[in-house]
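What the coordinates show
Spelled out, the chains give:
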Amino acid sequence: MSGSKRTRVAVLYNFVGVDQYAVLRRRVRVGSVVSPTGRIEDLEKIATLREEIQALVLALQEEGFDCRAVNIREDFNRLLEALTSPRPDVVFNLVEFFNDNALLEDRVAGLYDLLDIPYTGSPPLTLALCQRKGLAKQILKAHDIPTPRFKLVAAEPIPTLRGLRYPLIVKPVWEDASAGVTERSVVDERAQLEEQVRHVWEKFQQPALIEEYIEGRELGVSIIGNKPPRMLPVEEMDFSDLPEERRRIISFESKWDPLHEDFHKGTLVCPAKLSRAVLRRVKALALRTYQVLGCRDYSRIDMRLDRRNKLFVLEVNPNPDLTAGVAFMASAAADGMTFSGTLRFIVEQALSRRKAPPAEPAEAKAETKSEAKIEPKTESGGES
Ligand SMILES: Nc1ncnc2c1ncn2[C@@H]1O[C@H](COP(=O)(O)OP(=O)(O)O)[C@@H](O)[C@H]1O
Ligand SMILES: [Mg+2]
C-alpha cells in the first residue's frame, strides 16, 4: 500500500483572494512595517498558504506518490475537472468551504463519495456536525461526554440564561480557527454578554453560542488512524507569556495576527506535563469523542482541564491544520513520525477504503479465468 509511482494523489484546496502573509512579508522586507517584538525573522518564518501546500505536495512526492495540488478557486467546474481529468486515485482533502460558506464543506466531501473517489479525512456527516458546534455538543452530551454547558441564541430577545454561570464565552457557532474569539468574548455580566451576542449576529450572521467559560489548562489532543484510532502525545498551550490580566484563550489575534502584541504569546508544550491518571482520562475521552462523532483518519480535539481536574471537550476539528511543526504535526513529531510519513499514513487510510473493481460480466469472465480473483472489499466508512 505504500506510495507507488502510479498512485495519483490530488491535493484539493479552495482559496481566492490575497494571501495576507505574503503581503505582510513583502511589507516587512521593504521596511513599511516592523515586528512588534523587533524580531523580523519571526514574521519571515510564517509560511504562506502557497508554501504550505507546496510542502505537502513535495512531502507526498518524496513518499513516492504522483501528487499535484489544485486550487479549486470557488469554481465547481474546476473542482469537477480536478476529479475527472485525470481521475485521481485519492484526494487529499483540504477544502474547508465552498462559495465562501463553511457550512458547505461537507457537500464537497459528498461529491467525492458520489464519484466514488477515496479521500483523506472525515466523511460528510462528521464534517457537517463538527462545523455546527451546537449540534456536535448535543451529541457529546447525549453520550455523557463532558462539554461546557451552553445555549444557542439566534435572535432577540436574548433569554435569561438560567443554569449557566458567569464567566461565559460567546462565540459564533459555525466558525473555526478562533474566528470571532477575542478577549471581549469572555463576559462577566449581562450587559457585556448582550453586546457580544449582538456583535456575533452582526459580524458573522449566525447564532451565538454562549458557553460556560472553563478556567484552566488548554489541551490539544490529536488522534490518528482508524483501526484502531491512536492518540498522539498531548499538547498544552502554555499562556504564561501573556500578561497576568489577560484571559487565557487562543484568540484570533494571538493565532493569526503577527502585528498584534498577543501574537504567538502562547507556547505549545508537547508532550504536556500531565499525571498518568489525567492522561488516561484524556485518552479515553478523546477516543470516545472521535468515535462518537464518526471522525476518520486524523482529527484534533480541543479540551480544557479545570482547576479541579475535570475535563471538558471544547470542540472537535476533523481534518485539522497540517502545517509542519504545529498542532497536529507537532504531536505527530513528538510521537516520532516524520512530516511526510504522517501524510503518507493519512493517504494510506483513504486508499484502504478504495473499492475493488466491479465483477466482470459473464462472457468476459471465461476469457480471464486464469487471472487472480479480486474479492470485493466492504467499506467501513467510520460513520457511527
Ligand atoms: N468554554 C470555553 N472555556 C474556556 N475557553 C474557551 C471556551 N471556548 C473557547 N475557548 C477558547 O477559545 C478558543 C477557540 O474556541 P474553539 O471553541 O476551540 O473554537 P475554534 O473553532 O475557533 O477553534 C479555544 O481554543 C479556547 O482557548
Ligand atoms: Mg478550537
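Here the structure is a predicted model, which is why all the values come from computation and not from measurement.

All right, on to the coordination of the magnesium ion (ligand 2) then. Protein coordination of the magnesium ion (ligand 2) is provided by D302 (OD) and E315 (OE), with donor distances spanning 1.9 to 2.0 Å. Of this pair, D302 sits in strand β12 (residues 298–306) while E315 sits in strand β13 (residues 311–318), placing them 13 residues apart in sequence.

One way to put it is that helix α3 (residues 49–62) packs onto helix α12 (residues 339–351) with a least axis distance of 9 Å and a crossing angle of 80 degrees. As the angle between them shows, α3 and α12 are arranged roughly perpendicular. Taking contact as the criterion, the partners of A55, L56, A59, L60 and E62 in α3 are, on α12, F339, S340, L343, R344 and V347. For the contact of α3 with α12, the residue count by class is 7 nonpolar, 1 polar and 2 charged.

The next subject is the pattern of salt bridges. Scanning the model with the defined rule gives 19 salt bridges in all. The partner of E63 in a salt bridge is R344, and the shortest N-O contact between them spans 2.6 Å. Highlighted residues: E63 in the loop between α3 and β2 (66–71) and R344 in helix α12, separated in sequence by 281 residues. Judged by relative accessible area, which is 17%, E63 ranks as buried. The exposure class of R344 is partly exposed, given its relative accessible area of 28%. Across the pair K133 and E315 runs a salt bridge whose closest N-O atoms are separated by 3.9 Å. On the criterion of sequence distance, the pair formed by K133 in helix α7 (residues 133–142) and E315 in strand β13 is long-range, its members being 182 residues apart.

Judged by nonpolar contacts, the single largest core of 26 residues is most densely connected at L219, V282, L293, I301 and M303. Counting only elements with at least two residues in this core, the list comes to α6 (124–131), α7, β8 (216–224), α10 (276–292), β12 and β13. When residues in this core are grouped by element, the largest group, 6 residues, is from α10. Setting aside residues no more than four positions away along its own chain, M303 makes contact with R217, E218, L219, V221, V282, L285, A286, L311, F312, V313 and L314.

Below, the discussion takes up the sheet that holds strand β7 (residues 208–212). Read across the open sheet, the 4 strands follow the order β4-β7-β5-β6; overall the sheet is antiparallel. Taken across any chain shown, the strands that pair with only one partner, and hence form the sheet edges, are β4 (150–153) and β6 (186–187). For strand β5 (residues 168–172) and β6, the ladder comprises 2 bridges, and the chain directions are antiparallel. Within the sheet, the bridge partner assigned to I169 lies in β6 and is V186. Strands in contact with α7 are β4 and β7; relative to β4, the strand with the most contacts, it is inclined by about 150 degrees.

Before going further, it helps to examine the packing of aromatic side chains. Under the counting rule described, the total for this entry stands at 2 aromatic pairs. For the ring pair Y112 and Y119, a centre distance of 5.1 Å and an interplane angle of 55 degrees mean the geometry is tilted. Residue Y112 is classed as buried on the basis of its relative accessible area of 0%. A relative accessible area of 2% places Y119 in the buried class.

With that settled, consider the sheet that holds strand β1 (residues 8–13). In a beta sheet, neighbouring strands are held together by backbone hydrogen bonds and run either parallel or antiparallel to one another. Strand order across the open sheet formed by 3 strands is β2-β1-β3, with parallel pairing between neighbours. Strands with a single pairing partner mark the edges of an open sheet, and in this sheet they are β2 and β3 (90–93). Neighbour to neighbour, the strand axes of the sheet diverge by 25 degrees on average, direction disregarded. Two elements, β1 and β2, share 6 bridges in a ladder whose sense is parallel. Paired with R8 across the two strands is D66, which belongs to β2. Running over the sheet, helix α4 (residues 76–84) touches β1, β2 and β3 and is turned about 170 degrees from β2.

Turning our attention to the site of ligand 1. Around ligand 1, 21 residues are found, and the nearest of them are K133, K171, S178, E211 and E218. A distance of 2.5 Å separates an oxygen atom of ligand 1 from a polar backbone atom of S178. At 2.5 Å from an oxygen atom of ligand 1 is found a side-chain nitrogen or oxygen belonging to E218. Burial of ligand 1 by the protein amounts to 98% of the accessible area it has alone, namely 530 Å².

Analysis parameters
- Residues numbered from 1 in each chain as written.
- Chains lettered and ligands numbered in written order.
- Predicted model: local features only at pLDDT ≥ 70, side-chain atom pairs only at ≥ 80, totals over all residues.
- Heavy atoms only, no water.
- Donors = N, O, S within 2.8 Å, 3.2 Å for Na, K, Ca; no water.
- Helix = DSSP H or I, 4+ residues; strand = E, 2+ residues; numbered from the N terminus.
- Axes fitted to C-alpha atoms, helices over the stretch in contact; angles between N-to-C directions.
- Parallel < 35°, antiparallel > 145°, perpendicular 65-115°, else oblique.
- Contact = heavy atoms within 4.5 Å.
- Nonpolar A, V, L, I, M, F, W, Y, C, P; charged D, E, K, R; others polar.
- Salt bridge = Lys/Arg side-chain N within 4 Å of Asp/Glu carboxyl O.
- Buried < 20%, exposed > 50% of the residue type's maximum accessible area, 1.4 Å probe, protein only.
- Core = buried A, V, L, I, M, F, W, Y, C linked by side-chain atoms within 4.5 Å.
- Pairing = 2+ DSSP bridges.
- Phe/Tyr/Trp six-rings, centres within 6.5 Å; stacked < 30°, edge-to-face > 60°.
- Near = heavy atom within 4 Å.
- Polar contact = N/O pair within 3.5 Å; in protein donor to acceptor, adjacent residues only side chain to side chain.
- Areas by Shrake-Rupley, 256 points an atom, 1.4 Å probe, with all protein chains shown as cover.

Shape descriptors only; they carry no functional weight alone.
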